[in-house]
Amino acid sequence: MRITVLGATGSIGKSTFELLRQSGREFSVSAITAKSDVNGLVALVREFKAKLVVVADPERHRELRDALAGTGTKTASGSEGLLAAAEEPADAVMAGITGAAGLAPTLAAIQPGRRIVLANKECLVCAGDLFMRRVRQTGATLLPADSEHNAVFQALAAGPREAVERVTLTASGGPFRTFTREQLERVTPEEALRHPTWSMGSKITIDSATLMNKGLELIEAHHLFALPAKQLDVLVHPQSIVHALVTFRDGGVVAGLSVPDMQIPIAHCLGWPERLAWQAPKLDLAQIGSLSFEAPDPVRFPSLRLARAALEAGGATPTILNAANEVAVEAFLAGRIGFTGIPAIVERVLEKAAAERLGAPETVNAAAAVDHIARIRARDLLLEFAAKAS
Ligand code: NDP
Ligand code: MG
C-alpha cells in the first residue's frame, strides 16, 4: 500500500506512523506534509523515505530542500505544494491536517480508487456537502478515523440503515466538566490543554474543553452518515471507553468500545476490511470497574448548542461557526481572550451572519471566501473580548 500523510508531524500523523512501524505490512510512503515542522519531516524521510515532502510555510522550504539534498526526495511548499502532495499517486491518504486549512488538500486527495482516512473533521464542517459529493462522484472510500465516528461506522454494520433510530456520540466532558461558570471564566490555556483522557493537538484539545469538538462531530456525523440533526445525540462519558452508540428500532443498541487511544480507530481504517495485527492496548473492564454517563450541560458549555443550531440552520452557517471558532481558539491559546470568550465570539459572529442566509459553499473557493469573512469578523471582536478578560 502506498500511503500519503497530510499533517504527518501532528498527533494523528505520529499515531499513523507508529502503526505503520508496527503493522508488519508492506507499505511505502508517497507524500508527507507539515505546516512548518521541517525537522519532523526530515526525521520521517530518514525513517520511511517519501516521494514528495511538503512544508506549507514557504519560508521553510529552503531549509527543507537543503536538508533533503541528495536523497532523491522531491520537495515543495505553499498551498500548491499541499495540492501536489494530495495528488501524488497513493492508495490511501490520511487526512490529518488540523482546521479548515485541510479542506483544499483533502478534497484534492479524494480520487477514484483511493482510501481516504479522515481525521480532519473541520473539512466536513466547513464544506460537508461539497466533500461528500466529491466522495460519491469519485467512488473513493471514506473511512472515519475520529474515534466516535469510527465506532458509529462499525456499529452501523449491525443492522439495515432504515432500522437506525438514533446515533449517540460520547464526549469526555473535558477537564472542566464539573466547573461552575465562574470557574470557567478563569481557566488558563495550560489548564485547558491538560485533557483527562485523550492526548491530541492543541486545537482539538481546546475544542474538547469547550465541547465545540462534540458540536463539530455532530456536523461531521450528519455528513458522514447522512443523518438529520434530530437523530444525533451527545452523551457525556468521562472515561472515554464507549465512543458511540447506535440505537436500532427494535430497541437493540450497538456500541463501540476501546481504550481511549487514537491508534485503535486509525488501525481500523488502515486495516479495513481486514483487522490489523499490532500491539494494541486491550480494554480491561474489570480493572476500570465502572463507566458513568450524564447529559451535557448547554448552559456551561454553549458551544455544543451553537454547533447544533448551525447544523440545523444549514447553508454556510457551519462554515462560519468553524472559522470563528478557529480564530477564537487561537486567541485563547495566545492569552488574548478568556475561555468563555471562545463561544461568546462564535455566537456573535453567527448572529451577524444569520440575516445573510448564505447557502452551503459549492466550491472550495466559495468555502474559503465565507471562511475568510467569518475570520475577519471574529478578529474584529477580539479586542472587545480581550478588554473583558483583563
Ligand atoms: P496537530 O496540531 O497535532 O497536527 C496538525 C498537523 O497539521 C501537523 O502536521 C501540522 O504541521 C499540520 N498543519 C497545521 N496547520 C496547517 C496548515 N495551516 N497548513 C498545512 N498543514 C498544517 O493536530 P492533530 O493531529 O491533533 O489533529 C489533526 C486533525 O485530526 C484535526 O482536524 C483534529 O480535529 C482531528 N482529530 C484529531 C484527534 C487526535 O487525537 N489528535 C482525534 C480526532 C480527530 P506542523 O507540525 O508543522 O504544525
Ligand atoms: Mg472524536
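Details of the structure are given in the entry above.
These figures come from a predicted structure and were not determined experimentally.

S.K.: I would appreciate a short explanation of the environment of Arg65 in the present structure.
M.R.: Mapped onto the secondary structure, Arg65 falls in helix 3 (residues 61-67). Here Arg65 falls in the partly exposed class, since its relative accessible area comes to 43%. Between the C-alpha atom of Arg65 and that of Thr75, which follows or precedes it by ten residues, the distance is 6.2 Å.

S.K.: Before we go on, may I ask you to explain a nonpolar patch on the surface in this structure?
M.R.: Together, Leu257, Leu283, Leu285 and Ile288 give the surface a local cluster of nonpolar side chains, amounting to about 290 Å² of exposed area. Given a relative accessible area of 30%, Leu283 falls into the partly exposed group.

S.K.: Help me understand the site of ligand 1 in this model?
M.R.: Taken together, 25 residues form the shell around ligand 1, and within it Thr9, Ser36, Asp37, Glu122 and Gly201 come nearest. The contact in question runs from an oxygen atom of ligand 1 to an N or O atom on the backbone of Ile97, over 3.5 Å. Of all the secondary-structure elements, those providing two or more residues to the shell around ligand 1 are helix 1 (11-23) and helix 6 (121-138). Taken together, the residues of the shell around ligand 1 sort by class into eleven nonpolar, nine polar and five charged. Domain assignment of the residues forming the shell around ligand 1 places at least three in each of domain 1 (2-144) and domain 2 (148-260 + 291-301).

S.K.: What is the right way to look at the sheet that holds strand 6 (residues 115-118) in this model?
M.R.: Strands belonging to one sheet form pairs held by backbone hydrogen bonds; the direction of such a pair is parallel or antiparallel. The sheet built from seven strands is open, its strands ordered 4-3-2-1-5-6-7 with parallel pairing. Looking at strand neighbours, the two that pair on one side only are strand 4 (74-77) and strand 7 (141-144), the edges of this open sheet. Between one strand axis and the next, the sheet turns through 15° on average, direction left out of account. Of the pairings in the sheet, the one linking strand 6 to strand 7 comprises four bridges and is parallel in character. Opposite Val117, over in strand 7, you have Leu143 as the bridge partner. Of the strands in this sheet, strand 2 (28-34) and strand 3 (52-55) are in contact with helix 2 (residues 38-48), which crosses strand 2 at around 175°.

S.K.: Looking at this model, I keep getting lost on the coordination of the magnesium ion (ligand 2). Mind explaining?
M.R.: Tetrahedral coordination by four donors sets the ideal angle at the metal to 109.5 degrees; octahedral coordination by six donors sets it to 90 or 180 degrees. Only Asp146 (OD), Glu148 (OE) and Glu217 (OE) from the protein coordinate the magnesium ion (ligand 2), and they sit 2.0 to 2.2 Å from it. Counting residues between consecutive donors of the magnesium ion (ligand 2) along the chain gives the motif D-x1-E-x68-E. Relative accessible area serves as the criterion here: at 6%, Asp146 is assigned to the buried category.

S.K.: How should I be thinking about the pattern of salt bridges in this particular structure?
M.R.: Close approach of charged atoms lets side chains of opposite charge pair. Within this structure, the stated rule accounts for 20 salt bridges. Of the charged contacts in the structure, one is a salt bridge between Lys203 and Asp207, with a shortest N-O distance of 2.7 Å. A residue pair is termed a helical-turn pair when its members lie 3 or 4 positions apart in one helix, as Lys203 and Asp207 do in helix 10 (residues 202-210) at four residues. Neither residue differs from the other here; Lys203 and Asp207 are each classed as buried. Put simply, Arg375 and Glu326 hold a salt bridge, and the shortest N to O gap is 2.9 Å. Taken together, the residues span a long stretch of sequence, with Arg375 in helix 17 (residues 364-389) and Glu326 in helix 15 (residues 317-333) at a distance of 49 residues. With respect to burial, Arg375 and Glu326 carry one shared label: buried. Taken together, the shared-partner salt bridges connect Lys121, Asp146, Glu148, Lys214 and Glu217 into one network.

S.K.: Just checking my understanding: could you explain the pairing of strand 3 for this structure?
M.R.: On a regular strand, one side chain projects to one face of the sheet and the next to the other, so that they alternate. Here strand 3 shows a buried face lined by Leu52 and Val54 and a second buried face lined by Val53 and Val55. For strand 2 and strand 3, the ladder comprises four bridges, and the chain directions are parallel. For Thr33, the partnering residue across the bridge sits in strand 3 and is Val54. Handedness of the crossover joining strand 2 and strand 3 through helix 2 is recorded here as right-handed.

S.K.: Honestly, the packing of helix 11 (residues 212-225) against helix 15 in this entry has me stumped. Any pointers?
M.R.: Packed helices, taken two at a time, are described by the angle their axes make and the gap between the axes. Between helix 11 and helix 15, whose axes approach to 12 Å, the crossing angle comes to 155°. Relative to helix 15, the element helix 11 lies roughly antiparallel. Pair helix 11 / helix 15 crosses with left-handed handedness. Taking contact as the criterion, the partners of Met212, Leu216 and Ile219 in helix 11 are, on helix 15, Pro318, Leu321, Asn322 and Asn325.

S.K.: Hey, could you run me through the side chain of His268 in this one?
M.R.: Mapped onto the elements, His268 comes out in helix 12 (residues 263-271). Here His268 falls in the buried class, since its relative accessible area comes to 8%. Residues within four places of His268 in sequence aside, it is in contact with Asn150, Phe153, Gln154 and Arg275.

S.K.: Whenever I open this one, helix 4 (residues 78-87) confuses me. Can you help?
M.R.: The periodicity of an α-helix, 3.6 residues per turn, causes residues three or four places apart in sequence to face the same way. Buried within helix 4 we find Gly78, Gly81, Leu82, Ala85 and Ala86. Along helix 4, the residues classed as buried sweep out an arc of 145° about the axis, all on the same side. Every exposed residue of helix 4 that faces more than 90 degrees away from the buried side is listed here: Ser79 and Glu80. Tucked inside the fold, the buried residues of helix 4 contact strand 1 (2-6), strand 2, strand 3, strand 4 and helix 5 (103-109).

S.K.: Is there a simple way to think about the side chain of Ser208 in this case?
M.R.: Turning to its location among the elements, Ser208 is positioned in helix 10. The exposure class of Ser208 is buried, given its relative accessible area of 6%.

Here is what the cut-offs are and how they apply
- Residues numbered from 1 in each chain as written.
- Chains lettered and ligands numbered in written order.
- Predicted model: local features only at pLDDT ≥ 70, side-chain atom pairs only at ≥ 80, totals over all residues.
- Heavy atoms only, no water.
- Helix = DSSP H or I, 4+ residues; strand = E, 2+ residues; numbered from the N terminus.
- Buried < 20%, exposed > 50% of the residue type's maximum accessible area, 1.4 Å probe, protein only.
- Patch = residues over 30% accessible without salt bridge, like charges linked within 9 Å, V, L, I, M, F, W, Y side chains within 5 Å.
- Areas by Shrake-Rupley, 256 points an atom, 1.4 Å probe, with all protein chains shown as cover.
- Salt bridge = Lys/Arg side-chain N within 4 Å of Asp/Glu carboxyl O.
- Near = heavy atom within 4 Å.
- Polar contact = N/O pair within 3.5 Å; in protein donor to acceptor, adjacent residues only side chain to side chain.
- Nonpolar A, V, L, I, M, F, W, Y, C, P; charged D, E, K, R; others polar.
- Domains from an automatic or database assignment.
- Pairing = 2+ DSSP bridges.
- Axes fitted to C-alpha atoms, helices over the stretch in contact; angles between N-to-C directions.
- Contact = heavy atoms within 4.5 Å.
- Donors = N, O, S within 2.8 Å, 3.2 Å for Na, K, Ca; no water.
- Right-handed = clockwise from strand over helix to strand, strands pointing away.
- Parallel < 35°, antiparallel > 145°, perpendicular 65-115°, else oblique.
- Left-handed = near helix turned anticlockwise from the far one by under 90°.
- Arc of directions from axis to C-beta.

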